[in-house]
Amino acid sequence: MAKCKCGLRPRIVSSVCQGMNNSNGNCFDVCSTPMIGDPNLLGIMAPLIYDEIGINLCTSATLDVDIAETYPTATSATVSVIDMDYTYGAGNVGIEALTGRPNCCLVTLSNITVTFAVRVFDCCCRLLGTLYPTALYLPSDTTAPTYDEDTNPSSVELELFAPYGYSYDTTGATPTPVINAITFAEGSNSAGQGINLFANAKLLDFSTEDSTVTIGLTLVLQSMYYVGYKVPSAGKIDIPKGSIVTPDNSDCRRFVAGDLLNLAIKPLDLGAPNNEQNLKNDCNANACGAGGVSDITIPIT
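Residues numbered from 1 in each chain as written. Predicted model: local features only at pLDDT ≥ 70, side-chain atom pairs only at ≥ 80, totals over all residues. Heavy atoms only, no water.

## A short note on the side chain of Asn-92
Where we set the bar: The helix count covers DSSP runs of H or I at least four residues long, the strand count covers runs of E at least two residues long, and both are numbered beginning at the N terminus. Here a polar contact is taken to be a pair of N or O atoms separated by no more than 3.5 Å, where protein atoms must pair a possible hydrogen donor with a possible acceptor and residues adjacent in sequence count only if both atoms sit in side chains. Here a residue-residue contact requires only that any non-hydrogen atoms of the pair lie within 4.5 Å.
Mapped onto the secondary structure, Asn-92 falls in the loop between strand E6 (74–85) and strand E7 (94–98). For Asn-92, the side chain forms a polar contact with the side chain of Thr-87, separated by 3.5 Å. Once residues within four sequence positions are removed from consideration, Asn-92 is found in contact with Thr-87, Thr-108, Leu-109, Ser-110 and Asn-111.

Listed below in C-alpha cells is the structure:
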C-alpha cells in the first residue's frame with residue numbers, strides 16, 4: 001500500500017491504483033473520471049474446487065399415495081433431490097483432521113435423510129402430480145429397512161484435500177466444523193466456502209402396483225474456496241432487449257424502444273500491459289485542471 005496526502009490528512013491507497021498522466025500529459029484520476037470500455041484481464045473472486053470425491057448409493061422409498069388409485073393412467077416418473085438433512089456427532093456426520101497430514105481431512109457420512117420430488121406422468125408425458133417421499137441413506141442402524149451392506153451401508157469415510165480448512169458453526173459456545181449441503185431447498189441452494197455436499201438422483205424403478213420407487217443417489221463432497229484470479233475478458237454480456245412500444249419522435253418513446261442502458265465503466269487491469277496501476281494519483285483541481293467539479297466525467301452510454 002502507498003500513502004498520499006489529501007489536504008492535511010494522509011490516506012492510504014492501493015499501490016496498484018496510483019495515478020499517471022494520460023496521453024495529453026494531464027493527471028488522470030479514475031476516482032473522478034472512470035475509464036470506459038472493457039479490460040484485457042478481469043480480477044475476479046472465483047469459487048474454486050480444490051478436491052472432490054463421490055459415491056453411489058441406492059435404496060427404495062414408499063410413496064405417500066396409492067398410485068394405481070390416485071393416478072390410474074400413470075406410466076412413468078422422474079426424480080430430483082430437494083433437500084438433505086443430517087446431524088453431527090458420533091454415528092452421524094463428522095469431520096476430523098488427519099494426524100500428520102494437515103492439508104487433508106476425513107469426512108464421515110451417516111444417517112442422511114434425503115427428500116425427493118417425484119413427478120408422475122401418463123403415456124403422453126402429461127404431468128399428473130408431484131410427490132415428495134423421503135429416504136434414509138447410510139443408516140447407522142443395520143436393522144433399518146433401507147440398510148443394505150452393498151448398496152446402502154451404515155456409513156462411509158471419505159478423505160478430502162482441504163488445504164484452507166472447513167467452515168464452522170459459531171452459534172454455540174465452541175465452533176463446530178460443518179458441511180454445507182447444496183440442495184434446491186430455500187436457504188441451502190448455494191455453495192459455501194469450505195466443504196460442500198450435493199446429490200444427484202436417478203429413478204431406477206417406478207412401481208405403480210406397490211407405489212414405491214427405487215432411487216440411485218450420487219453424493220459428492222467438494223472442498224471449495226474463494227480465490228482471486230485474473231482471467232481474460234471478451235467484453236461484457238450483450239443483453240437481448242424486447243421492445244414494448246413502437247418508436248416515434250418523442251424522447252421517452254425513443255428511449256423505451258431503444259437500446260438498453262449500459263454503464264460500461266472499465267475495471268482496472270491493475271498491471272501491465274496498460275499500466276493502469278498508476279491511474280489513481282494524488283490529483284486535485286490545480287493539478288488536473290482549474291475547472292474543479294466541472295472536470296468530473298459522469299459515465300453514460
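## Concerning the pattern of salt bridges
Which entries qualify depends on this criterion: A pairing counts as a salt bridge when a side-chain nitrogen of Lys or Arg comes within 4 Å of a carboxyl oxygen of Asp or Glu.
Across all of its chains, the model carries two salt bridges by this definition. Residue Asp-122 is joined to Arg-126 by a salt bridge in which the shortest nitrogen-to-oxygen separation is 2.8 Å.

## Here's the deal with the sheet that holds strand E17 (residues 212–232)
Note: strands within a sheet are paired through backbone hydrogen bonds, in either parallel or antiparallel orientation. Cut-off, in case you're wondering: Pairing between strands is defined by DSSP: at least two bridges between them are needed. Between the N-to-C directions of two axes lies an angle of 0 to 180 degrees, each axis being a line fitted to C-alpha atoms and, for a helix, fitted only over the stretch in contact.
Strand order in the open sheet formed by four strands is E5-E17-E16-E15, with mixed pairing between adjacent strands. Of all strands in the sheet, those bounded by a partner on one side alone are strand E5 (41–62) and strand E15 (180–182). Each adjacent strand pair in this sheet contributes to an overall mean axis angle of 25°, direction not counted.

## Details of the confidence of the model for the protein
Formally: Within a predicted model, pLDDT stands for the predictor's per-residue confidence, ranging from 0 to 100.
A residue-level look at the protein finds 75% of positions with pLDDT of 70 or above and a mean pLDDT of 82. Low confidence marks residues 1–6, where pLDDT is under 50. Its contacts with residues over four positions away, or in another chain, come to 20 contacts. Of the regions scoring below 50 in pLDDT, residues 284–301 engages in 20 contacts with residues more than four places distant in sequence or in other chains.

## Brief notes about the packing of aromatic side chains
Just so we agree on the cut-off: Planes of paired rings set the category: under 30 degrees apart is stacked, over 60 is edge-to-face and the rest tilted, where pairs are Phe, Tyr or Trp rings (Trp by its six-membered ring) whose centres lie within 6.5 Å. Burial classification: accessible surface area is computed with a 1.4 Å probe over protein chains only, and a residue below 20% of its type maximum counts as buried, one above 50% as exposed, and the rest as partly exposed.
The full count for this structure, using the stated rule, is six aromatic pairs. Between Tyr-50 and Tyr-164 the ring centres are 5.6 Å apart and the planes differ by 85°, which places this aromatic pair in the edge-to-face class. Remark: Tyr-164 occurs in the loop between strand E12 (156–161) and strand E13 (167–169) and Tyr-50 occurs in strand E5; sequence separation between them is 114 residues. Classification of Tyr-50 by relative accessible area gives partly exposed; the value is 27%. Look at Tyr-164 and you get exposed, because its relative accessible area is 58%. Geometrically, the ring pair formed by Tyr-86 and Tyr-88 is edge-to-face, given 5.8 Å between the ring centres and 85° between the ring planes. The class of Tyr-88 is partly exposed, set by a relative accessible area of 33%. Within the aromatic cluster, the residues linked to one another by ring pairs are Tyr-50, Tyr-164 and Tyr-225.

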